[in-house]
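# Report on the structure
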Amino acid sequence: MNEKSWLKIAPERAVSVIGEVVRPGRIEWSDEMDLIDLLAHVGGPTLRADTTKIEVVTSNGKMEVFDLDAFIQKGGPRGELPNIQAGSIVRVHDLPQDPSDNKSQWVRQSSDASIYVFGQVNAPGRYRFTDDMHFLDILSAADGPTKDADIHNIRITHRDKSYSQVSKLNLSLYFETGDENLLPRVKTGDTIYIPEKDRNWLDRSKESTIRILGAVNKPGRYVFNDTMTILDILAEAGGPSDNAYLEKISVVNMSCCQGQARTFDLIEFSKTANIYQLPVLRAGDTIYIPDRRESFLEKARVGLEDILRLTTTIVLIGAL
């Protein structure tokens, strides 16, 4: 139908179809028609059409949103199609473009059909989401994590609840185990945040970290999980310093009721490699490696050297 033809149709006898269809315009309406007939008459949706949220505005001003994809997939009866009358308006939205290409497009997309992805991903932004998609779909749409992403500490904020809820995800553990139960369930409106790998350690909660202090090359607070041992934490901290007193490493376990301190001899462990000698660590614990110069034996050795040095000096003076 050309432009002059549809302009001859009175608005009260027509339905207007706008948006992402092949031939948008004003179509003369018959009560024997339905939405499928109407879409067929305008050439159907374009490749850019979002057919999950077709808007139908009736002549009395009421709006209905219809998911054509779900209707076709389940083979729904025609009685489930939206009620269209003469004077109605049917609008077919376009799909959002890649957020990294044109923000003016994806910002137009309604938030109730989107998921937000922030932080260390290659294309952060707002992404279209349906119930058939899951976490990995959204991460793939954002072109995946960057090389600086900390995939051990991904956070997902669930905004569809009346109370605040944040899920934590160790994506590295998922790739190691393939356990689908580790992946969080995400819904429209949720926010996914992937932090930077080398962010300030003070940003990490004490409940998920272990403190390592004393004679190590990089003292601080380190992320800890149940698969790690004291050897992993020492490696994260850059290893002991040259003056570390490895025979008297202190491990302070913080339980629900009281703290409990134990000592660990790393030198003795290195001789046997008996894993049962490794102390049990929990998130929130503290490891302290003393400086050898502070030990009693070292102070006694230095004192003995001073006495021998003084005695030698006296003997030399007496021989003169």
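Residues numbered from 1 in each chain as written. Predicted model: local features only at pLDDT ≥ 70, side-chain atom pairs only at ≥ 80, totals over all residues. Heavy atoms only, no water.

Note that strand 11 (residues 209-214) and strand 12 (residues 220-223) share four bridges and pair antiparallel. Its bridge partner lying in strand 12, Ile212 is registered against Gly220. Between strand 11 and the antiparallel strand that follows it, strand 12, lie five residues. (Pairing = 2+ DSSP bridges. Helix = DSSP H or I, 4+ residues; strand = E, 2+ residues; numbered from the N terminus.)

Looking now at the packing of aromatic side chains. Here the structure, examined in full by the defined rule, presents four aromatic pairs. Ring centres of Phe66 and Phe71 lie 5.6 Å apart, and the angle between their planes is 55°; this geometry places the pair in the tilted category. Taken as a pair, Phe66 and Phe71 share a single burial class, namely buried. Seen in terms of ring centroids, Phe264 and Phe269 are 6.1 Å apart; in terms of plane orientation they differ by 55°. Their pairing is tilted. Judged by relative accessible area, which is 3%, Phe264 ranks as buried. (Phe/Tyr/Trp six-rings, centres within 6.5 Å; stacked < 30°, edge-to-face > 60°. Buried < 20%, exposed > 50% of the residue type's maximum accessible area, 1.4 Å probe, protein only.)

Quick look at unusual backbone geometry now. Comment: phi is negative for the bulk of residues other than glycine, and the bulk of peptide bonds are trans. Of note in the backbone geometry, Asp143 takes a positive phi value of approximately 65° without being a glycine. Classification of Asp143 as partly exposed rests on a relative accessible area of 45%. Positive phi values are uncommon outside glycine, yet Ala273 reaches one of about 55°. Within the fold, Ala273 resides in the loop between helix 8 (266-272) and strand 15 (286-289). Note on Ala273: relative accessible area 51%, which makes it exposed.

Another aspect to go through is the environment of Arg13. Tracing the backbone through its elements, the reader meets Arg13 in the loop between helix 1 (3-7) and strand 1 (14-19). According to the relative accessible area criterion, Arg13 is partly exposed, its value standing at 39%. Sequence-wise, Arg13 and Gln85 are 72 residues apart; in three dimensions their C-alpha atoms are separated by 8.8 Å. For Arg13, the side chain forms a polar contact with the side chain of Glu28, separated by 2.8 Å. (Polar contact = N/O pair within 3.5 Å; in protein donor to acceptor, adjacent residues only side chain to side chain.)

Attention now moves to the nonpolar core. Membership of the largest hydrophobic core comes to 22 residues, with the highest contact counts inside it found for Ile212, Ile230, Ile233, Ile249, Leu281, Ile287 and Ile289. When contributions to this core are tallied by element, the ones reaching two or more residues are strand 11, helix 7 (230-236), strand 13 (249-254), helix 8 and strand 15. The element contributing the most residues to this core is helix 7, with three residues. Here Ile249 is in contact with Ile230, Arg262, Thr263, Phe264, Leu266, Ile287, Tyr288, Ile289 and Pro290, once residues within four sequence places are set aside. Ranked by size, the runner-up nonpolar core spans 20 residues in total, among them Leu139, Ile154, Leu183 and Val186. (Core = buried A, V, L, I, M, F, W, Y, C linked by side-chain atoms within 4.5 Å. Contact = heavy atoms within 4.5 Å.)

Quick look at the side chain of Glu55 now. Examined against the element boundaries, Glu55 turns out to sit in strand 3 (residues 49-57). For the buried Glu55, no salt bridge exists, and the shortest N-O distance to an oppositely charged side chain is 4.1 Å, to Arg91. In this structure the side chain of Glu55 is engaged in a polar contact, spanning 3.0 Å, whose partner is the side chain of His93. Ignoring sequence-local partners within four residues, the contact set of Glu55 consists of Met63, Glu64, Val65, Ile89, Val90, Arg91 and His93. (Lys, Arg positive; Asp, Glu negative; His and termini not counted. Salt bridge = Lys/Arg side-chain N within 4 Å of Asp/Glu carboxyl O.)

With that settled, consider the sheet that holds strand 7 (residues 125-128). Spatially, 7-6-10-8-9 is the arrangement adopted by the five strands of the open sheet, whose pairing is mixed. Two strands close off the open sheet at either side, each with one partner strand: strand 7 and strand 9 (165-169). This sheet shows a mean twist of 25° between the axes of neighbouring strands, independent of strand direction. Pairing of strand 6 (residues 114-119) with strand 7 involves four bridges; the strand directions are antiparallel. Residue Ile115 lies in a different strand from strand 7, and its bridge partner there is Tyr127. (Axes fitted to C-alpha atoms, helices over the stretch in contact; angles between N-to-C directions.)

Further remarks concern the sheet that holds strand 2 (residues 25-28). The five strands are arranged 2-1-5-3-4 in an open sheet whose pairing can be described as mixed. If you trace the sheet from one side to the other, it starts and ends with strand 2 and strand 4 (63-66), each paired once. Strand-to-strand, the axes of this sheet are offset by a mean angle of 20°, without reference to chain direction. Judged from the four bridges that link them, strand 3 and strand 4 form a sheet pairing that is antiparallel. When the bridges of strand 4 are listed, Glu55 appears paired with Val65.

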